[in-house]
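# Summary of structural features
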Amino acid sequence: MPSQIELMPSSLFSSSSRFGALFLLMLIWLGLSLFIGLPPFADALFGLFHWGFALEVGFAFAVIALVQARRERVSGWLIHVFAAIGTFLLALRLADLTAQSVVNRSLNMFLDVSLLPALWDVAQSLIGRSLALGAVTGIIVLLVTFYALCVLALRRASGCLATSQARRGFAMICVAGIAVFAAQRTVFAEVPGWRPFGASASLVFRQQSEQLVDTIVRRAVFRADLATDAADDITPERLLVGLDDRDIIIVYIESYGVTALDEPQYANVILPRLDSMQEAAEDAGFAMKSGRMVGVSAGGQSWLNHASFTAGRFIDDQTLYALFLAERPRTLIHDFEMTGRRTVQIKPAITLPWPEGERLGYQATWEAAEMGYQGPNFYWGIVPDQFALDFFARTELEIADRPPLFASIALISSHAPWLPVPDVVGWDELGDGSVFERWTRNAPEAREVWRDQDSIRTQYALSVGHSIDAVAKFLRDRVADDALVVVLGDHQPAPLITGPDASRAVPVHVFSGDESVLAPFADLGFVSGILPEAAPAGGDAALSRMEDFRPFLLEAFSRDPEPPGLRAWR
């Protein structure tokens, strides 16, 4: 009897110790899960759905428990392997979070590596070089620190699993966790709510593997698609003859998406500017139609939308774009060159060597260094929109005895960080651009504005409004009303501006002094006036897409030429 009494405290202590070890093990599991189970959106960090147990961590613990059961110790190399895998998964989650926040899509490792230089440029313009370097250093330090913490945590977990009783307890937890996870994926699959167990980190890895296979397949399909073209059955004498010899001018407004029209916070600034644009265009003799078209990207990668628009093909990733440049298929650029037009592109944002530009097929490419701009830099946008438009007018549009033009102008003033925002001035005030100095003297630093989301959104609306004002003045003062001018957004802004799950549509405004030229645009869903119709109930699926523009233009304006006598009579 005394011996039984003496054993009772020891038994209680053993039970308590086992419970404490399992409790500590669960805390370590949860802590590591918070890192490798990062959500894809920043606003979900530490929200309800972030708190859960990652099965990847549980798997590592299970392997450690099995090794200890057989060998009574865990080799250091196994701890480091699991720590390296955990760090890799964290890096994947951070990259996916960045992709979702910047370009409103999930990570594609195979493609997005090539975008790192552009991401670095954007980061420098938003927060400055020193802070951008600090951010990169911080990420590296985070990953290294996490690796070290993983090693320590896994060693501590190994200690918690040192006894057979603890391993049996952990085995029961694993069985329960697997059962709950299976129920989540089957019985409760359609029921919204918190999930206590998940494997989202492994899911991201699986998605990357699937995307690699999908990218390779899509590349093969795209290459096969290049064998046919929308203009194959159109003879040279019929090609775009309905547009006569008028100038065709495409103007892309950076980050001008339908959010600017649909969200009251932005619409209060943008809609009055559009009303002024309509008034300016009408004063110059233009009629107009407007609509919505769905872009292939959001938050960036303007070149994908430009390529889709002119090529009439769905080009939504860097691999397809590289293939497009390599194969050089026929595009609107070649179509209009065949009609005798001079083809030019105005690229005020290009400041580095750009050999890809030559592959697009334009007869002339004007970059920032060739525009004579001596004013201040506007963060990302080196050359302000009005100066770029003036350069185009002086260099190409207002030249005597010239051929008709097909011109693509990619404006940049409304690119993030959306400041400073200048006024539109008289054309004779532009000079070499020094006039813009006055708007940079007391302008806030980008890093100051970007500390507050409301300030960012205010600057977004103001910068897009400025670009619209610049284009309106250009239409009124510098463009003949016999031209066909297409003004459109290149893509929606980042989710920071649009919010999650936003449409990818952009506004498109078409101007011409000849209403018969505008009439066919009704087939794209365009309506008269400066404002497109409201977003359809069917969402983006009910709208035309950017790649539909070229096939539409070829079909609508390629016809048998009129006899010279009939044309003269008209």
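Residues numbered from 1 in each chain as written. Predicted model: local features only at pLDDT ≥ 70, side-chain atom pairs only at ≥ 80, totals over all residues. Heavy atoms only, no water.

## A closer look at the overall build of the protein
- When its secondary structure is counted, the protein shows 21 helices and eleven strands.
- Out of the 570 residues belonging to the protein, those deemed buried represent 49%.
- For the protein, the accessible surface area stands at approximately 26,700 Å², while carbon and sulfur atoms represent 59% of it.
- For the protein, the separation between the mean place of its 45 positive charges and that of its 64 negative charges on side chains is 11 Å. (Helix = DSSP H or I, 4+ residues; strand = E, 2+ residues; numbered from the N terminus. Buried < 20%, exposed > 50% of the residue type's maximum accessible area, 1.4 Å probe, protein only. Areas by Shrake-Rupley, 256 points an atom, 1.4 Å probe, with all protein chains shown as cover. Lys, Arg positive; Asp, Glu negative; His and termini not counted. Charge placed at Lys NZ, Arg CZ, Asp CG, Glu CD.)

## Some points on the pairing of strand E9 (residues 505-512)
- Where burial is concerned, most of E9 is hidden: eight out of the eight residues are buried.
- A two-sided burial pattern is seen for E9, the buried positions comprising Ala505, Pro507, His509 and Phe511 on one face and Val506, Val508, Val510 and Ser512 on the other.
- Two strands pair when backbone bridges link them, and strand E4 (residues 287-294) and E9 are joined in this way by eight bridges, in the antiparallel orientation. Along E9, the bridge assignment pairs Ser290 with His509.
- In this structure, strand E8 (residues 484-489) lies alongside E9, joined through five bridges in antiparallel fashion. Counted as the bridge partner of Leu488 is Val508 from E9. (Pairing = 2+ DSSP bridges.)

## Observations regarding the pairing of E4
- A large share of E4 lies buried, amounting to eight of its eight residues.
- Alternating positions in E4 separate into two faces, Ala287, Lys289, Gly291 and Met293 on one and Met288, Ser290, Arg292 and Val294 on the other, with burial throughout.
- In this structure, E4 lies alongside strand E10 (residues 527-528), joined through two bridges in antiparallel fashion. Bridge pairing in E10 places Ser290 opposite Val527.
- Pairing between E4 and strand E11 (residues 544-545): two bridges, direction parallel. Across the sheet, residue Val294 finds its bridge partner in E11, namely Arg545.

## Focus: a negative patch on the surface
- A cluster of like negative charges, contributed by Asp275, Glu279, Glu282 and Asp283, occupies part of the molecular surface.
- Following the sequence through the fold, Asp283 ends up in helix H10 (residues 264-283).
- Judged by relative accessible area, Asp283 falls into the exposed class, the value being 58%. (Patch = residues over 30% accessible without salt bridge, like charges linked within 9 Å, V, L, I, M, F, W, Y side chains within 5 Å. Salt bridge = Lys/Arg side-chain N within 4 Å of Asp/Glu carboxyl O.)

## A word on unusual backbone geometry
- Here the residue pair Ala416 and Pro417 is connected by a cis peptide bond, since its omega of 20° sits within 30 degrees of zero.
- The residue Pro417 is located in the loop between strand E7 (405-410) and helix H16 (446-449) in this model.
- Following Leu419, the chain continues to Pro420 via a peptide bond in cis, the omega torsion being -10°.
- Note that Pro420 resides in the loop between E7 and H16.
- A positive phi is found at Asp401, a non-glycine position, where the angle reads about 55°.

## Remarks on the nonpolar core
- By size, the foremost hydrophobic cluster in this structure holds 62 residues, and its most contacted members are Tyr256, Phe392, Val471, Val485 and Phe511.
- With ten residues, helix H17 (residues 453-478) is the single largest residue contributor to this core.
- Setting aside chain neighbours within four positions, we find Phe511 in contact with Met277, Ala281, Phe286, Ala287, Met288, Leu475, Ala483, Leu484, Val485, Val487, Leu518 and Ile530.
- Core analysis: the next-biggest nonpolar cluster, separate from the first, contains 49 residues, Val296, Trp354, Leu518 and Phe526 among them. (Core = buried A, V, L, I, M, F, W, Y, C linked by side-chain atoms within 4.5 Å. Contact = heavy atoms within 4.5 Å.)

## Describing a nonpolar patch on the surface
- On the surface, a cluster of nonpolar side chains totalling about 670 Å² of accessible area is made up of Leu45, Phe46, Leu48, Phe49, Trp51 and Trp194.
- As for its placement among the helices and strands, Trp51 is situated in the loop between helix H1 (2-36) and strand E1 (53-54).
- When its relative accessible area of 37% is taken as the criterion, Trp51 is described as partly exposed.

## Notes on the confidence of the model for the protein
- On average, residues of the protein carry a pLDDT of 85, and 91% of them reach 70 or more.
- Predicted confidence for residues 1-14 stays below pLDDT 50, and this span has zero contacts to residues more than four positions away or in other chains.
- Across residues 566-570, confidence stays below pLDDT 50; counting only partners more than four residues off in sequence or on other chains, it has four contacts. (pLDDT = per-residue confidence, 0-100.)

## A short note on the packing of helix H2 (residues 55-71) against helix H6 (residues 129-160)
- The contact between H2 and H6 brings their axes to 10 Å, and the two run at 50°. When the interaxial angle is binned, H2 and H6 end up oblique. Relative to H6, the crossing made by H2 is right-handed. Each of Phe61, Ile64 and Gln68 in H2 lies in contact with H6, whose residues at this interface are Leu154, Ala157 and Ser158. (Axes fitted to C-alpha atoms, helices over the stretch in contact; angles between N-to-C directions. Parallel < 35°, antiparallel > 145°, perpendicular 65-115°, else oblique. Left-handed = near helix turned anticlockwise from the far one by under 90°.)

## Notes on the packing of aromatic side chains
- Considering all chains together, one arrives at 23 aromatic pairs under this definition.
- Judged by centre distance (5.4 Å) and plane angle (70°), the rings of Trp29 and Phe53 are edge-to-face. Taken together, the residues span a long stretch of sequence, with Trp29 in helix H1 and Phe53 in strand E1 at a distance of 24 residues. For the pair Trp29 and Phe53, one class covers both residues: buried.
- Taken together, the aromatic side chains of Tyr252, Phe309, Phe521, Phe526, Phe549, Phe552 and Phe557 make up a single cluster linked through ring pairs. (Phe/Tyr/Trp six-rings, centres within 6.5 Å; stacked < 30°, edge-to-face > 60°.)

## Notes on the environment of Ala322
- The topology assignment puts Ala322 in helix H12 (residues 318-327).
- Sequence separation between Ala322 and Glu356 is 34 residues; the distance between their C-alpha atoms is 9.1 Å.

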